[in-house]
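Architecture and fold: a report
The primary structure of each chain is shown beneath.
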Amino acid sequence: MNENTNNLLINPIPAMSVTQLSLVKSDKQSLQEWLTNLSMLNLGDTARQLYTTLKELSLLQIDEPTRFELVELLRPAVHSIISSLSKHYFSQQLSLDQRAKRIATLVEEIRVYLITIYDTIATHSYETLQTQNFGLFDIKQKKNLLQLLASSSHRALTEMTGLLYELQVLYLTVPLGLWKRVHLIFQRTEQLQISNNEVEDQTSIVALSSVKRIYAAMIVLGVSNTNKLRQSEIKAIYKSSVLWAGLISIDYNETPFHLFVVDTNLDQPPVYITKKNIATKQALYINTQRLLQHFQNLITNQPHYLHPLEQKQTSTALKVHLINTFSTPSERQHSRHAYSGKISIAFGLVGIHHQLSNGKTFEDIINVHRDYLHTSDTEIKSLFGQIDYEGDIEYGGKSEQKKNDALAEMAALHECEVVNISPGGYCLLWQGESPTTLRTGELLVVCEPSDNVWHIGLIRWVKQIPIMNIEFGVEIISSRAKVCGIRVAQKSDAIDSFKRAILLPEIQSLSRPATLITQAFAFHSNQRVIIRYGNEEIKAILTKQVLITQSFIQFEYTIEEDELRADSIEYKVAPALANLDDDLWKIL
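Computed from a prediction, not measured in an experiment: that's the story for all the values here.

1. Overview of the nonpolar core
With 114 residues, the main nonpolar core has L35, L74, Y215, F326, I345, L428 and F472 as its most contacted residues. Take this core: its biggest share by element is twelve residues, from helix α5 (residues 98-131). Contacts of L35, omitting those with residues within four sequence positions, involve L50, L73, L74 and A77. Listed in part, the 24 residues of the second largest apolar core include I366, C447, I477 and I502.

As structure tokens, then:
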């Protein structure tokens, strides 16, 4: 976030220094006509005009009810512009080019000016209520001021939630002053007992909501460990947060049922209650029991969704993440140690297959060859186990070429700096332009220069740092693996329907059985499959899902009894790898 937006959040409400708007008269009718004539097709010019008008309105010498009327007229157009501009950096590479960075900064500034305007209205209304004596004949004026304070506070928190989402989706740190301002806005409405007053908002999936509910929605977004999620998953939480906010309670007294605590004196988001330092009268305690029960219901055979949007956007991987986040406080398994060095990495099932097979093609790994002159595009994709990345990567035109480029990118070997190391994994630094596959939940394979062994890992979290640098955490899943192919065990399936997979060995010292990694959502539990390596095939049943992300699923499996013979792949592959004793992070 740039210096201007930081200053707007940290500094107090500015002095009103503008006497009139430069592009339009400061009355409701004139502004409505001006907005009607704005061309949303000319995105750049319209964004510039709205930015200028918002900036001037934040400093305009005008009464607060009129300021509220004007900004309410501007708000739908501003949201439309933000939505259009965000397409230039959403679902793109994490290390944005200069144009995308400038657009992202513009969106942040537009959002912060909206926040500033609404907070100005709320602050001035609050000060009037605190300093003015209201007589018997001033009851209506006081009631109107309270309603204005509730409405402007509601809008300010709504826009702050939007700003938090835009920062999270780019994996940026939250600027100083944001959470302090959020807590202050909520506390003022609590003090005047208007935090439960319902305010209409036609831009939300919950048309009527209170300040307390919007504050709760921001808490949901703030505690969801979004640096461990994909952009599409962060968006899903943001869109559903106001729904989920109705399932949490904010209390002043601690009980065993509270999972998070907020110290409203601090410029900090809620933290797990186990990390609370000292008792404070300004603490708020967050009970998420009902929300956890809702998430647990969503993974049952008969889930009850609160809204069709929730059902559409909430993936299985996201549900599992949310259950883990809202169950018990998560603590690190191992301590980190500073480390200086480089490490080689390759991304995804394609990259892992390429490195572990010494550059063999998938058809050579499973010894299945086809005449590609007579093979359809769909069959080629199936044969190579090609993953559909369009949920997170926008290919635009020439999609086939870009998909092929993505596969080539995943097969490539990269080098990263090691920031620190632990028995369970690495913190790595990527410098310069990043590949589209550098994202949370992605599989990768790593190898240190002093070690000839390739380790299978998982990107757990991502964080942007200045000058096109990206830090990301890698959890080591296994220090040994075997590549193979897998398909559903149905007679109707052709031999070319194999998809890429990885066999991981049993770890007896940790009582962990052998597992199988497949691409996400291609297979499911209790499914009969055929595993192939070279000319050997075995039949197996996928049992428990151990780990699930948007890129892959890790299954436990059992070999069908009629396959337990000496020349089976199980005896050739798994036992040779079964006695390895690896230090692993706790698997979900």
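2. Remarks on the sheet that holds strand β3 (residues 249-251)
Strand order in the open sheet formed by four strands is β3-β6-β4-β5, and the pairing between neighbours is antiparallel. Sheet topology places β3 and β5 (271-272) at the edges, where each strand pairs with a single neighbour. Strand direction decides the pairing type here: strand β4 (residues 258-263) and strand β6 (residues 283-287), joined by five bridges, are antiparallel. Opposite V262, over in β6, you have L284 as the bridge partner.

3. Some remarks on the sheet that holds strand β9 (residues 425-431)
If you trace the six strands once around the closed barrel, you get β7-β8-β9-β12-β11-β10, paired in antiparallel fashion. Pairwise comparison of adjacent strand axes, ignoring direction, gives a mean angle of 45° for this sheet. Sheet topology places strand β7 (residues 337-347) next to strand β8 (residues 414-422); seven bridges connect them, and they run antiparallel. Within β8, the position partnered with K342 by the bridge is E417. Helix-sheet contacts for helix α13 (residues 348-356) involve β7, β10 (443-447) and β11 (455-465), and the interaxial angle to β10 is about 35°.

4. Comments concerning the side chain of R188
Mapped onto the secondary structure, R188 falls in helix α7 (residues 178-191). The exposure class assigned to R188 is buried, which follows from its relative accessible area of 6%.

5. Side note on the confidence of the model for the protein chain
Chain-level statistics for the protein chain give a pLDDT mean of 85 and a share of 86% at 70 or above. Confidence scores differ between elements of the protein chain, with helix α18 (residues 574-577) showing the lowest mean pLDDT of 34 and helix α8 (residues 211-222) the highest of 98. Here residues 371-397 is a poorly scored stretch, pLDDT under 50, and it has 58 contacts once near neighbours within four places are set aside; other chains count.

6. Comments concerning the packing of aromatic side chains
In total, this model carries nine aromatic pairs according to the counting rule given. An angle of 90° between the planes, with centres 4.9 Å apart, marks the rings of W244 and F295 as edge-to-face. With W244 in helix α9 (residues 231-244) and F295 in helix α10 (residues 289-298), this residue pair connects regions lying 51 residues apart in the sequence. Exposure class is identical for W244 and F295. Each is buried. Taken together, a centroid distance of 6.1 Å and an interplanar angle of 50° make the contact between F347 and W430 tilted. In this pair, F347 is assigned in strand β7 and W430 in strand β9, connecting sequence segments 83 residues apart. Owing to a relative accessible area of 0%, F347 belongs among the buried residues under this scheme. Of the residues examined, W430 reaches a relative accessible area of 8% and is grouped as buried. Put simply, the rings of W244, F260, Y272, F295 and F326 pair up and form one aromatic cluster. Just above the ring of Y126 sits the side chain of R188; from NZ or CZ to the centre is 5.6 Å. A cation over a ring is seen here: K235 above F90, with NZ or CZ 5.4 Å from the ring centre.

7. Considering the environment of V220
When you line up the elements, V220 lands in helix α8. Relative accessible area serves as the criterion here: at 1%, V220 is assigned to the buried category. Spatially, the C-alpha atoms of V220 and L291 are 9.8 Å apart, while their sequence positions differ by 71 residues. Apart from residues no more than four positions distant in its own chain, V220 is found in contact with I237, S241, W244, I248, L291 and F326.

8. Some words on the pattern of salt bridges
This structure, assessed with the given rule, holds 17 salt bridges. Note that R48 and D45 form a salt bridge whose closest N and O atoms lie 2.7 Å from each other. Separated by three residues within a single helix, R48 and D45 lie in helix α3 (residues 43-57), roughly one turn from each other. Taking the relative accessible area as the measure of exposure, R48 reaches 45% and is therefore partly exposed.

9. Regarding the environment of L43
Note on placement: L43 falls in helix α3. For L43 and L85, which are 42 residues apart along the polypeptide, the C-alpha to C-alpha distance reads 8.0 Å. Beyond its immediate chain neighbours, meaning those up to four positions away, L43 contacts I81, S84, L85 and H88.

10. A word on α5
Here α5 spans 48 Å end to end across 34 residues, near enough to the 50 Å set by a 1.5 Å rise per residue. One side-chain oxygen at the N-terminal end of α5 lies 3.2 Å from the backbone nitrogen of R99; it belongs to D97.

11. Overview of the pairing of β6
Counting buried positions along β6 gives five out of five residues, so the element sits mostly inside the fold. Residues A283, Y285 and N287 of β6 are buried on one face, and the alternating residues L284 and I286, pointing to the opposite face, are buried as well. Direction of pairing for β3 relative to β6: antiparallel, over a ladder of three bridges. Bridging from a neighbouring strand, S249 pairs with N287 of β6.

Basis of the calculations
Residues numbered from 1 in each chain as written. Predicted model: local features only at pLDDT ≥ 70, side-chain atom pairs only at ≥ 80, totals over all residues. Heavy atoms only, no water. Core = buried A, V, L, I, M, F, W, Y, C linked by side-chain atoms within 4.5 Å. Buried < 20%, exposed > 50% of the residue type's maximum accessible area, 1.4 Å probe, protein only. Helix = DSSP H or I, 4+ residues; strand = E, 2+ residues; numbered from the N terminus. Contact = heavy atoms within 4.5 Å. Pairing = 2+ DSSP bridges. Axes fitted to C-alpha atoms, helices over the stretch in contact; angles between N-to-C directions. pLDDT = per-residue confidence, 0-100. Phe/Tyr/Trp six-rings, centres within 6.5 Å; stacked < 30°, edge-to-face > 60°. Lys NZ or Arg CZ within 6 Å of the ring centre and 35° of its normal. Salt bridge = Lys/Arg side-chain N within 4 Å of Asp/Glu carboxyl O. Expected span 1.5 Å × (residues − 1). Polar contact = N/O pair within 3.5 Å; in protein donor to acceptor, adjacent residues only side chain to side chain.

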